[in-house]
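# Examining the three-dimensional arrangement
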Protein chains: 2
Amino acid sequence: MLPEDNVLFKNITAEDSKRMINCFNAEIKKFRAGSCITDFSASGDKIGIILDGSAVMVRYDINGVRTIVEKLGEQSIFGEFFTFTGTNRNAVEIVAETDCDIIYFKRQEILKRCEKACKCHSMVVENLLMLMSERSIALSERIEVLSQRTIEEKLISFLQITADNTPSGQTPEIPFSTTVLSDYLCVNRSALQREISRLKKAGILKLNKRKFILHHFDDIGDSTNFTSN
Amino acid sequence: MLPEDNVLFKNITAEDSKRMINCFNAEIKKFRAGSCITDFSASGDKIGIILDGSAVMVRYDINGVRTIVEKLGEQSIFGEFFTFTGTNRNAVEIVAETDCDIIYFKRQEILKRCEKACKCHSMVVENLLMLMSERSIALSERIEVLSQRTIEEKLISFLQITADNTPSGQTPEIPFSTTVLSDYLCVNRSALQREISRLKKAGILKLNKRKFILHHFDDIGDSTNFTSN
DNA sequence: AAAAATCTGTTGCAATTGCAACAAAGGAGA
DNA sequence: TCTCCTTTGTTGCAATTGCAACAGATTTTT
């Protein structure tokens with residue numbers, strides 16, 4: 001994706017966008033799949049936006065237990081400005097899933113009064129506001145999932161939200177492998193597998209590779225019914 | 001607190017703030033302790049800020065299980081703009097803990113180009129950005145806690161973050177009763193109580209009413225040690 | 001194409017957590 | 001002060017989840 005096409009410059013002409021990228025001293029960096037994009041130990045207060053590729057924010061606690069904090073796709077933003085980077089008891093990193101192009105801005109550059117009083121400046125700030133709003137909502141969704149009490153509820157909640165966020169006409173898709181999904185739901189992998197198998201046997205979940213259909217179980221009411229066999 | 005003293009008007013004179021409160025058509029409402037401030041079913045896209053008092057964002061799922069989503073103190077902001085309001089499978093509400101004064105803004109009023117081109121406008125937007133940043137970090141902290149795998153880890157993580165956020169010189173304090181805390185950590189109350197008792201017996205946690213001291217257990221390394229007796 | 005590595009799916013067993021029931025302590029209001 | 005109600009603290013038992021080990025499937029590398 002062209003740097004000037006990133007979401008921060010929505011509603012701004014390509015010409016102005018290019019000018020601002022200069023004005024902001026933005027940098028573009030490339031990362032290979034699997035490499036660490038940021039480790040939040042010395043990131044300063046840069047704001048990153050993924051132009052191409054995808055990444056995940058992961059945390060390793062002192063026992064080496066991995067948690068997938070967030071999935072970052074194209075146009076996702078990240079930075080210390082938005083993220084609790086944890087105590088010294090754990091390390092938060094952003095790891096490239098695929099090859100990635102990232103554009104970095106300095107937070108002060110975006111926030112400071114533009115000496116040239118460029119009129120597009122406040123549009124950028126508004127765009128940033130919208131991005132942060134979306135991010136807040138995404139974090140809220142994550143909390144919704146994690147606050148479910150059982151693995152089955154976590155899984156269904158996640159699938160439901162994923163399906164709701166899928167454009168109509170498309171088949172919803174789990175953005176992770178099962179192994180990674182278990183680190184996202186913060187549960188044991190084989191216990192998660194057990195629940196997936198149960199839901200499949202009960203006919204509630206159809207799963208083909210990563211594409212899935214979740215049948216409405218609203219009318220069932222009490223999901224513990226499924227656990228009977 | 002005076003309406004013009006709210007965080008949205010930081011770095012803006014009282015005079016200008018008052019003018020903008022008019023310009024934005026802000027409303028101030030009072031709520032009694034225990035009453036419902038918002039139920040997110042018809043809140044439109046208003047942004048609320050707590051001027052006085054405290055509240056909690058709660059969710060009830062279809063089985064009536066309660067989750068404390070967020071604790072809101074003075075100067076906290078809330079609104080559909082920031083929050084995943086859930087599927088139709090649950091109800092999210094904000095409930096006043098104490099008597100509350102709330103100021104409401106309409107999102108469009110804050111975001112729209114000010115016809116009078118008032119110069120303070122972009123400062124408000126920047127302040128809003130800072131507030132959202134803080135909120136994102138708070139949500140990240142919540143995810144950090146909920147992503148812990150055991151009750152003991154959830155509890156310690158929560159206490160650690162609470163202690164870290166306490167100004168030095170003050171004794172850290174749990175902002176909830178144990179019963180409510182269990183709904184915040186999304187675990188069973190008596191199971192939580194069991195863990196609290198364990199940590200107290202092990203000398204790691206001192207708890208007096210809601211004030212606590214968490215002794216450094218970094219040097220212990222493996223917290224499962226405490227479970228032995 | 002073969003070998004290596006990773007991921008999926010399954011299961012028995014152990015550990016943790018939830019549930020229910022109850023006693024004791026603390027607080028609010030009559 | 002007494003009563004009622006909520007919260008704290010405890011425990012046995014049941015349900016859920018984690019763990020480990022393994023077989024088969026799938027993907028990647030050589």
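Everything in this summary refers to the structure shown in the same document. This structure is a prediction, so every number in the text was calculated from the model and none was measured. (Residues numbered from 1 in each chain as written. Chains lettered and ligands numbered in written order. Predicted model: local features only at pLDDT ≥ 70, side-chain atom pairs only at ≥ 80, totals over all residues. Heavy atoms only, no water.)

## Here's the deal with the overall build of chain A
Rules: By definition, any uninterrupted DSSP run of H or I lasting at least four residues is a helix, any uninterrupted run of E lasting at least two residues is a strand, and each is numbered from the N terminus. Type-normalised accessible area, obtained with a 1.4 Å probe on protein chains alone, sets the label of each residue: buried when under 20%, exposed when over 50%, and partly exposed for intermediate values. To measure how exposed things are, a 1.4 Å probe is used in the Shrake-Rupley method; for residues, cover is taken only from the protein chains shown.
Each helix and strand counted, chain A has 6 helices and 10 strands in total. Split into buried and exposed, the 229 residues of chain A put 51% on the buried side. Element-wise, carbon and sulfur atoms account for 49% of the exposed surface of chain A, whose accessible area totals about 10,800 Å².

## Details of the protein's contact with DNA strand D
Basically, it comes down to this: Near is defined per residue: the residue qualifies when any heavy atom it owns lies within 4 Å of the molecule or strand. In the analysis that follows, any N or O atom pair within 3.5 Å is treated as a polar contact, provided that within protein one partner can donate a hydrogen and the other can accept it, and provided that, for residues neighboring in sequence, both atoms belong to side chains. Nonpolar residues are Ala, Val, Leu, Ile, Met, Phe, Trp, Tyr, Cys and Pro. Charged residues are Asp, Glu, Lys and Arg, and all others, Gly as well, are polar.
Every one of the 19 residues lining DNA strand D counts as a neighbour, but Ile151(A), Asn188(A), Thr179(B), Gln193(B) and Ser197(B) are closest to it. Sugar and phosphate atoms represent 54% of those atoms of DNA strand D found within 4 Å of the protein. In the environment of DNA strand D, a base nitrogen lies 3.0 Å from a nitrogen or oxygen atom belonging to the side chain of Arg194(A). A distance of 3.2 Å separates a base oxygen of DNA strand D from a polar atom in the side chain of Arg189(B). For the surface near DNA strand D, the secondary-structure elements that each account for two or more residues are helix 6 (189-201) of chain A together with helix 5 (178-185) and helix 6 (189-201) of chain B. The dominant element in the surface near DNA strand D, judged by the number of residues it contributes, is helix 6 of chain B, at 6 residues. For the surface near DNA strand D, the residue count by class is 3 nonpolar, 9 polar and 7 charged.

## Focus on the relation of the copies chain B and chain A
The condition that has to hold: The fit set for superposing copies consists of C-alpha atoms from residues with pLDDT of at least 70 in both; the fit itself is least squares. Working rule for contacts: check all heavy atoms of both residues, and any pair within 4.5 Å makes them a contact.
Relative to chain A, chain B is turned by 180° and slid 0.1 Å along the rotation axis, the superposed coordinates differing by an RMSD of 0.1 Å. Classification of the inter-copy transformation places it as that of a two-fold axis. Comparing contact sets, 100% of the residues at the interface of chain B also lie at the interface in chain A, consistent with an isologous, same-surface contact.

## Re the interface of chain B and chain A
Note the threshold: As used here, buried area is the combined drop in accessible area, with a 1.4 Å probe, of two parts when they are placed together. Salt bridges are counted wherever a side-chain nitrogen of Lys or Arg sits within 4 Å of a carboxyl oxygen of Asp or Glu.
With 49 residues of chain B at the interface, the matching set in chain A holds 49 residues. Counting the surface lost from both chain B and chain A, the interface buries some 4,300 Å², and carbon and sulfur atoms represent 57% of this. The tally of links from chain B across to chain A stands at 2 salt bridges. Arg59(A) serves as the salt-bridge partner of Glu144(B), at 2.8 Å between the closest nitrogen and oxygen. Mapped onto the side of chain B that touches chain A, the elements with two or more residues apiece are strand 5 (66-72), helix 2 (107-111), helix 3 (121-146) and helix 4 (151-164) of chain B. When residues of the side of chain B that touches chain A are assigned to their parent elements, the largest contribution, 18 residues, is made by helix 3 of chain B. Here the residues of the side of chain B that touches chain A are counted per class, giving 20 nonpolar, 13 polar and 16 charged.

## Section: the protein's contact with DNA strand C
Surrounding DNA strand C, one finds 18 residues, the nearest of these being Gln193(A), Ser197(A), Thr150(B), Ile151(B) and Asn188(B). At 2.9 Å from a phosphate oxygen of DNA strand C is found a side-chain nitrogen or oxygen belonging to Gln193(A). One of the side-chain N or O atoms of Ser197(A) is found 2.5 Å from a phosphate oxygen in DNA strand C. If you list the elements that add at least two residues to the surface near DNA strand C, you get helix 5 (178-185) and helix 6 of chain A together with helix 6 of chain B. Ranked by residue count, the leading element in the surface near DNA strand C is helix 6 of chain A, at 6 residues.

## Observations concerning the pairing of strand 7 (residues 90-96) of chain A
Residues and elements named next belong to chain A. We apply this condition: Should DSSP find at least two bridges between two strands, the strands are taken to pair.
Along strand 7, 5 of the 7 residues are buried, which leaves the element largely enclosed by surrounding structure. Of the pairings in the sheet, the one linking strand 2 (residues 36-38) to strand 7 comprises 2 bridges and is antiparallel in character. By the bridge assignment for strand 7, Cys36 is matched with Val95. Of the strand pairs in this sheet, strand 4 (residues 55-61) and strand 7 are connected by 7 bridges, and their pairing is antiparallel. Each bridged residue has a counterpart across the sheet, and for Met57 the counterpart in strand 7 is Ile94.

## Structural notes on the sheet that holds strand 2 of chain A
Residue and element names in this part refer to chain A. In plain terms, the rule: Throughout, an axis means a line fitted to C-alpha atoms (over the contacting stretch in the case of helices), and angles, computed between N-to-C directions, take values from 0 to 180 degrees.
The 4 strands are arranged 2-7-4-5 in an open sheet whose pairing can be described as antiparallel. Each edge of the sheet is formed by a strand with only one pairing partner; in this case those strands are strand 2 and strand 5 (66-72). Mean inter-strand twist for the sheet, computed between neighbouring axes without regard to direction, equals 35°.

## Comments concerning the side chain of Glu144(A)
Within the secondary structure, Glu144(A) is located in helix 3 (residues 121-146). A relative accessible area of 4% places Glu144(A) in the buried class. Glu144(A) has contacts with Ser157(A), Ile161(A), Arg59(B), Phe84(B) and Asn90(B), leaving out every residue within four places of it along the chain.

## Observations regarding the packing of aromatic side chains
Residue and element names in this part refer to chain A. To be explicit about the condition: What counts as a ring pair is set by centres within 6.5 Å for rings of Phe, Tyr and Trp (its six-membered ring), and what kind of pair is set by the plane angle: stacked under 30 degrees, edge-to-face over 60, tilted for all other angles. As a reminder, the over-ring test applies to NZ of lysine and CZ of arginine, requiring each to be within 6 Å of the ring centre and within 35 degrees of the ring normal.
Counted under the stated rule, the structure contains 14 aromatic pairs over all chains. Pairwise contacts between aromatic rings join Phe9, Phe24 and Phe105 into one cluster. Positioned over the ring face of Tyr184 is Arg142, at 3.8 Å from the centre of the ring.

Nothing here speaks to function; it is all geometry.
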